[in-house]
Amino acid sequence: MTDTVSAFSEIQETFLAYVRDIKYATMVTVDRRHRPRAQVLLPVWEIVDGEPIGWLAAHRTPGKSAHLADNPHTTYAYWSPRQNAAFVDSVSTWADDEKSKVHAWDLYERGGPPGLGYDPVRYWPGGPGDPGYHVLRIVP
């Protein structure tokens with residue numbers, strides 16, 4: 001069943017519970033030939049001024065970069081075998097500034113929401129300044 005709400009606050013607790021339970025999202029981008037492309041990734045979320053903002057620590061691959069440069073519209077799909085699902089239609093853009101990279105790093109370390117995240121040093125041993133560490137900001 002699809003619910004219609006007038007404010008995110010009406011579904012916030014359900015959304016965060018689904019994200020904590022499901023953890024991994026399928027990120028869907030569109031390639032230059034307008035074909036959908038999917039990857040399974042682990043974004044973290046926070047609530048800013050009553051709205052969700054997502055962050056995705058990622059390798060800046062040529063494919064992902066090309067897709068987002070041509071069309072930054074993305075969908076993050078969460079699904080569990082219990083048929084719980086959440087879909088986040090959004091705009092995803094690279095956040096290359098140091099403040100955003102450190103902020104996302106901290107969210108991954110402490111969990112955003114609590115119970116979700118990981119120690120990013122496993123993938124980027126140089127910390128937030130690691131040249132391979134990149135961050136997408138997800139705005140629904």
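Scroll up for the structure.
Residues numbered from 1 in each chain as written. Predicted model: local features only at pLDDT ≥ 70, side-chain atom pairs only at ≥ 80, totals over all residues. Heavy atoms only, no water.

> For this particular structure, what's the right way to read the pairing of strand S1 (residues 25-30)?
When a strand is regular, its side chains alternate between the sheet's two faces. Side chains of S1 alternate between two faces, with Ala25, Met27 and Thr29 buried and Thr26, Val28 and Val30 left unburied. As paired strands, S1 and strand S2 (residues 36-41) are joined by six bridges and run antiparallel to one another. Paired with Thr26 across the bridge in S2 is Val40. Bridge count for S1 against strand S5 (residues 73-79) is three bridges, and the pairing is antiparallel. Bridge pairing links Val28 to Thr75 in S5. (Buried < 20%, exposed > 50% of the residue type's maximum accessible area, 1.4 Å probe, protein only. Helix = DSSP H or I, 4+ residues; strand = E, 2+ residues; numbered from the N terminus. Pairing = 2+ DSSP bridges.)

> Sorry if this is basic, but what is going on with the side chain of Ser100 here?
Structurally, Ser100 is set in helix H3 (residues 98-110). Leaving out residues up to four positions away in the same chain, Ser100 has contacts with Trp55 and Ala95. (Contact = heavy atoms within 4.5 Å.)

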